[in-house]
Amino acid sequence: MKTSDILFAFDLDGTLLPKNKEIPYFTKRYLKRIIKRGYKIVLCSGRPARNIEKFQSDLGLTSPIIALNGLHIHYPNNEKKDHRIYFPPDTIKNIVKLVNAKFKIKNIICETDKEIYITNKDAYLQPEFWLTNMKVVYGTLEENLKHPVMTFLMELEDRDFDQAKLKQLFDRTGCDVRCWVDDYQGFIEIFNIYSNKAAAIIRLAKELKVDIDNVFAFGDDLNDIEMLRELPNSYVMKNAKPDIKKFAKHETRHDNEHEGVKKEVKAIIKKLK
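Here we summarise the structure given alongside this text. The shown structure was predicted, so the numbers you read here are calculated from the model rather than taken from an experiment. (Residues numbered from 1 in each chain as written. Predicted model: local features only at pLDDT ≥ 70, side-chain atom pairs only at ≥ 80, totals over all residues. Heavy atoms only, no water.)

## Some words on the sheet that holds strand β10 (residues 175-179)
- Pairing within the open sheet is mixed, and its six strands lie in the order β8-β7-β6-β9-β11-β10. Single-partner strands in this sheet number two, and they are β8 (135-138) and β10. Direction aside, the axes of adjacent strands within the sheet are offset by 20° on average.
- Note: strand β6 (residues 105-111) against strand β7 (residues 115-118), three bridges, orientation antiparallel. The partner of I109 across the bridge, within β7, is I118.
- Helix-sheet contacts for helix α3 (residues 89-100) involve β6, β9 (151-156), β10 and β11 (187-192), and the interaxial angle to β9 is about 20°. (Pairing = 2+ DSSP bridges. Helix = DSSP H or I, 4+ residues; strand = E, 2+ residues; numbered from the N terminus. Axes fitted to C-alpha atoms, helices over the stretch in contact; angles between N-to-C directions. Contact = heavy atoms within 4.5 Å.)

If you want it as structure tokens, here you go:
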């Protein structure tokens, strides 16, 4: 098997990246070495493309980027090829009404290519990677939202809301919802049912002429579930929670603080020889 027939897909936060949010030195050196040997690598994250490009550059990659959990496939050298999935403004506003009828919404965050819409300035957790080089528009969506958006997040007042009751609201919308925990407890992410990391990886593998059985995908969290469940060679990080681990085919022997990705990739390549 040629090295160019193999594709590795890496989530960033909690997977390739430890807590300091930088690719470890020896991991970076090793991955750059296998890229030169012809192995394909794709970065796939919930982050927007503009904040994945740094890691792309660190590794010397020119491959497409899977951003926003599959809503955006970005081609760094040819943006005209970019593939995006949008929410029309009316869809956003209808879902807001649907949720607002059963739950109290504390904040809503939506994003286009150039703007972020935030309804409650005081409530929003503002990670630097999200706001970089973006125009931020505060106020109601009814007043401000005129264009289709790619991201759609809500923060609910009740951090311990009934998740099953919430999910039922989306049965006929063509959308689904992820309910985040820990630091983002109370946040929900609405997404198109046909858009996720798995679908984006399958699309890219076909484009790159890589058999899906030769794709090795690594993840650790809620937004990786489809990828871990649907891809035949999926690896969940040792540091992931048990309810995420159950979806993967394999578990890494080391966590993201101890270069788990690098060590597992070395073992995979050795086995493939």
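From this point on, the discussion continues.
## Observations concerning the nonpolar core
- If you look at the biggest cluster of nonpolar residues, it comprises 32 residues, and the most contacted ones within it are F8, F10, I34, L43, F218 and V265.
- Listed by contribution, the elements that provide at least two residues to this core are β1 (7-10), α1 (25-36), β2 (40-43), α2 (53-59), β3 (65-67), β12 (215-219) and α10 (260-272).
- If you tally residues by element for this core, the top one is α10, at four residues.
- Within the second largest apolar cluster, 26 residues are counted, among which are F87, L141, V149 and F152. (Core = buried A, V, L, I, M, F, W, Y, C linked by side-chain atoms within 4.5 Å. Buried < 20%, exposed > 50% of the residue type's maximum accessible area, 1.4 Å probe, protein only.)

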